[in-house]
Structure formats: structure tokens, C-alpha cells
Amino acid sequence: MLLIKYLAFNNSIMESGSGSDLNGSKLNGSKNVFFDCHTHLGRNFFKNDLKEVIARAQKAGVQRVVNCGLDKQTNLETVSLAREFDLVCAAVGFSPTDVSKATGEEELAVLSQIESFDAVAVGEVGLDFHWIKDEGERKRQAEVFLKILEIAEKRGLPVIIHSRAAEREVVDILESFGKSCFVMHCFTGKLSLAKRALDLGCFFSIPTNVCYYSSMQKLAGIVPLEKLLIETDSPFLHPQRGERNEPAFVVRAYETVSNIKNINIERLCDSVYFNFTHVFGVSLPR
Ligand SMILES: [Zn+2]
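Residues numbered from 1 in each chain as written. Predicted model: local features only at pLDDT ≥ 70, side-chain atom pairs only at ≥ 80, totals over all residues.

Student: Looking at this structure, I do not really get the overall build of the protein chain. What am I missing?
Tutor: Secondary structure assignment for the protein chain yields eleven helices and eight strands. Relative to its full complement of 286 residues, the protein chain shows a buried share of 49%. Restricting to contacts in the protein chain with at least 6 residues of sequence separation, those with at least 24 account for 71%. (Helix = DSSP H or I, 4+ residues; strand = E, 2+ residues; numbered from the N terminus. Buried ≥ 20, exposed ≤ 12 C-beta atoms within 10 Å, placed from the backbone. Contact = placed C-beta atoms within 7 Å.)

Student: Can you walk me through the nonpolar core in this structure?
Tutor: Side chains of a nonpolar character, in soluble globular proteins, are inclined to be buried together. In terms of nonpolar packing, the biggest core is built from 82 residues, with Ala91, Ala121, Val122, Val159, Val183, Phe204 and Ile230 touching the most fellow members. Sort the elements by how many residues they give to this core and helix α11 (residues 265-280) lands first, with seven residues. When neighbours within four sequence positions are excluded, Val122 is seen to be in contact with Ala91, Val92, Gly93, Ile114, Ile148, Ile151, Ala152, Leu157 and Val159. (Core = buried A, V, L, I, M, F, W, Y, C linked by C-beta atoms within 7 Å.)

Student: I tried to follow helix α7 (residues 167-177) on my own but got confused; where do I start?
Tutor: Each full turn of the α-helix corresponds to 3.6 residues, which orients residues three or four apart in the same direction. Glu167, Val170, Val171 and Leu174 are the residues of α7 that are buried. The arc that holds every buried residue of α7, seen down its axis, measures 95°, which confines them to one face. The first or second residue beyond α7 is Gly178, which carries a positive phi of 105°. (Arc of directions from axis to C-beta.)

Student: What am I meant to see in the sheet that holds strand β1 (residues 34-39) here?
Tutor: Sheets are built from strands paired through backbone hydrogen bonds, the pairs being either parallel or antiparallel. In spatial order, the strands read β1-β2-β3-β4-β5-β6-β7-β8; together these eight strands make up an open sheet with parallel pairing. Of all the strands in the sheet, just β1 and β8 (228-230) have a single pairing partner and so form its edges. Each strand axis lies, on average, 25° off the axis of its neighbour in the sheet, ignoring direction. Relative to β8, strand β7 (residues 203-206) runs parallel, the two sharing three bridges. (Pairing = 2+ DSSP bridges. Axes fitted to C-alpha atoms, helices over the stretch in contact; angles between N-to-C directions.)

Student: How should unusual backbone geometry be read in this particular structure?
Tutor: Phi is mostly negative for residues that are not glycine, and the peptide bonds are mostly trans. Cis geometry is adopted by the peptide bond preceding Glu124, which originates at Gly123 and carries an omega value of 5°. Cis geometry marks the peptide bond from Ser234 to Pro235; its omega dihedral reads 10°. Along the polypeptide, Pro235 turns up in the loop between β8 and α10 (250-260). Residues other than glycine seldom take positive phi values, yet Cys186 does so here, at roughly 45°. Here Cys186 is to be found in the loop between β6 (182-185) and α8 (191-199). Its identity is not glycine, yet Asp233 carries a phi of approximately 60°, on the positive side. Here Asp233 is to be found in the loop between β8 and α10.

Student: Just to check I follow, could you spell out the pairing of strand β3 (residues 88-92) for this structure?
Tutor: Of all the five residues making up β3, five are buried; the element is thus mostly covered by neighbouring parts of the structure. Across the two faces of β3 the burial is the same, with Val88, Ala90 and Val92 and Cys89 and Ala91 all buried. Pairing analysis gives four bridges linking strand β2 (residues 62-68) to β3, with the strands arranged parallel. Counted as the bridge partner of Asn67 is Ala90 from β3.

Student: Whenever I open this one, the packing of helix α6 (residues 135-155) against α7 confuses me. Can you help?
Tutor: When two helices pack together, you describe them by how their axes are tilted relative to each other and by the distance separating the axes. Contact pair α6 / α7: the axes reach a minimum separation of 12 Å and the direction vectors enclose 40°. Like other packed secondary-structure pairs, α6 and α7 cross with a definite hand, here right-handed. Residue-level inspection shows Ala142, Phe145, Leu146 and Leu149 of α6 in contact with α7, the latter providing Glu169, Ile173 and Phe177. (Left-handed = near helix turned anticlockwise from the far one by under 90°.)

Student: Which parts of the structure should I look at to understand the environment of Asp128?
Tutor: Checked against the element boundaries, Asp128 lands in the loop between β4 (121-126) and α6. Between the C-alpha atom of Asp128 and that of Glu167, which follows or precedes it by 39 residues, the distance is 8.9 Å. Setting aside its immediate chain neighbours within four residues, Asp128 contacts Pro96, Thr97, His162, Arg164, Ala165 and Ala166.

Student: Please explain the confidence of the model for the protein chain as it appears in this structure.
Tutor: Looking at the protein chain as a whole, the pLDDT averages 89, with 89% of positions reaching at least 70. Of the regions scoring below 50 in pLDDT, residues 1-21 engages in 28 contacts with residues more than four places distant in sequence or in other chains. (pLDDT = per-residue confidence, 0-100.)

Student: Would you take a moment to explain the pairing of β1 for this structure?
Tutor: Remember that side chains alternate between the two faces of the sheet whenever the strand is regular. Taken across its six residues, β1 has six buried, putting it largely inside the fold. Bridge count for β1 against β2 is four bridges, and the pairing is parallel. Across the sheet, Phe35 pairs through a bridge with Arg64, a residue of β2. Crossover handedness for the path β1 to helix α2 (residues 50-59) to β2: right-handed. (Right-handed = clockwise from strand over helix to strand, strands pointing away.)

Student: For this particular structure, what's the right way to read the environment of Gly221?
Tutor: Secondary-structure assignment places Gly221 in helix α9 (residues 214-222). Along the sequence, Gly221 and Ser258 sit 37 residues apart, while their C-alpha atoms lie 9.7 Å from each other.

Student: Mind showing me how you'd approach the environment of Leu225 here?
Tutor: Counting through the fold element by element, Leu225 comes out in the loop between α9 and β8. In sequence terms Leu225 and Val272 are 47 residues apart; their C-alpha atoms lie 7.7 Å from each other.

What follows is the structure, given as C-alpha cells:
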């Protein structure tokens, strides 16, 4: 069944053609199917050219992107983008740095969005101890994170997790929490922590910075194919640093990860396809 769907997609991509500027990718014109499981297309990052950005992703063979909310406004935006574009799936979230900025009233409003908005995932959520140093604020982040994990579990949705400079604390919380489906986004903790998260059944989403960032290359090396997802984190983490990233460039991350794992791109695409549809419960267009 999977193979039949996969071939159908390859055919549809052949018909629609390809050949976008993938910013140095040798895969220009490939017939493979790609997924970008973490983007931020709202907050005016793409306000002048969103339609072109979406078109370039489709031309490159990207089938779906998961657009993550960060706060009240971006949660509204992600749901509306998912209605407007077939390419976009909505995730509703509350980023830890936005938790720290929110009033009590705003916090309740965002939690209510996470409870009720139509979405394929909860995210991005988690802890950020890189930007937030105050102990009280860190404690609040952890409390809100736990509340969100409970909502996600009730809704049966996967959770996309940010853990910058707080990887140990996040893994501790997930171990104590238990059984939901977790996706670690741009994980930069020690490999020993990554292994603990893998033991819990977590998926790992490898961003486009894998093209140059040696720690991410090491992580991509140890994550088994059945736990691997790929993302751009657009507009951040451009494969060549510095410029605005976009979903079409996810192909660069696939290319780098297939080299690291010494497998062909078709096998990697097949695994990520399977993982993506399994984690996010997304069916694809015929
Ligand atoms: Zn993000």
C-alpha cells in the first residue's frame, strides 16, 4: 500500500515537473517525495512572497510542511495557512520564550487554543534555558510544558519539542511523563541524552543546519531510520547560514543525511514518508 502511494506521488511530481533552485542541491529535478516537519511561515517572515515560497516547495517535491505556532497570533496564522494551502499542516504551540513573555490571561488563551484548534500536532513547545536565565521563569516554563503535555495526551496528538540548553530537563520531564508521541526538534544535547530520548520512543527531526553543523551530523548518525524526521525550521537554520531558509531547502538536509547514513536518497525518502504519515496521521493528496 505504501509503495503504491509512493509511486503515485512520484508520478504526480513527474507530471508537475521540478527544477527549482535548491540552493546548491544536486537533487534538482529529482522525483523523490520530501516532508518538512517544522516551519514558521507566519509572523511576517514570508509576507511578500509566501505563494512563491509554497510553489517552490511543491516544485522541489515537498508534499507537506508542518507549520508550528509559537503564541496566540501564530497559532491563528497556522490554522488559517493550513486552510489556504494544501501543502501546510497546522501545529498549535506555545514556545518557551513566548511563555516567559505571556501574562496569565494570555497563557490561558494559548492553552485553550492548544486544546481546541484543528491541528496535526502540538508544537512547538518545551523549555529554553539559553534565552531564559531566571529560575522563576524557567520553573514557569516547566509548569506550562507539563500542562501542554497533558492536553496533547488527551487529544492524542504528537508533541514537537524545543529543548535549547535544557535538554536534560526536557528528557527528565518526558521520562516522568511517559507514553505520548514526542518529536525532538533541532536537538543539540549530548548524545547520551539523545539515547535516553530514543529509549522513550522519541522521534528526532534533523534540520537543514545538518549541512554544516557537526553536532547535528553526529546526531543524524545515531538516530535510526525508523525514528528520523527532517525539517528546515524556516526561516531559520538556512543550509548555508545567514540567509532566510524556506521549505524547498529541506532537500539539502535529506541529501546530507543520506550521505551521513550512507544510504541512497530513495531509501531515506521512503523512511521519512512512513514516519511522517505515521506521526502526524496525515493522508496525502492523490
Ligand atoms: Zn521552530
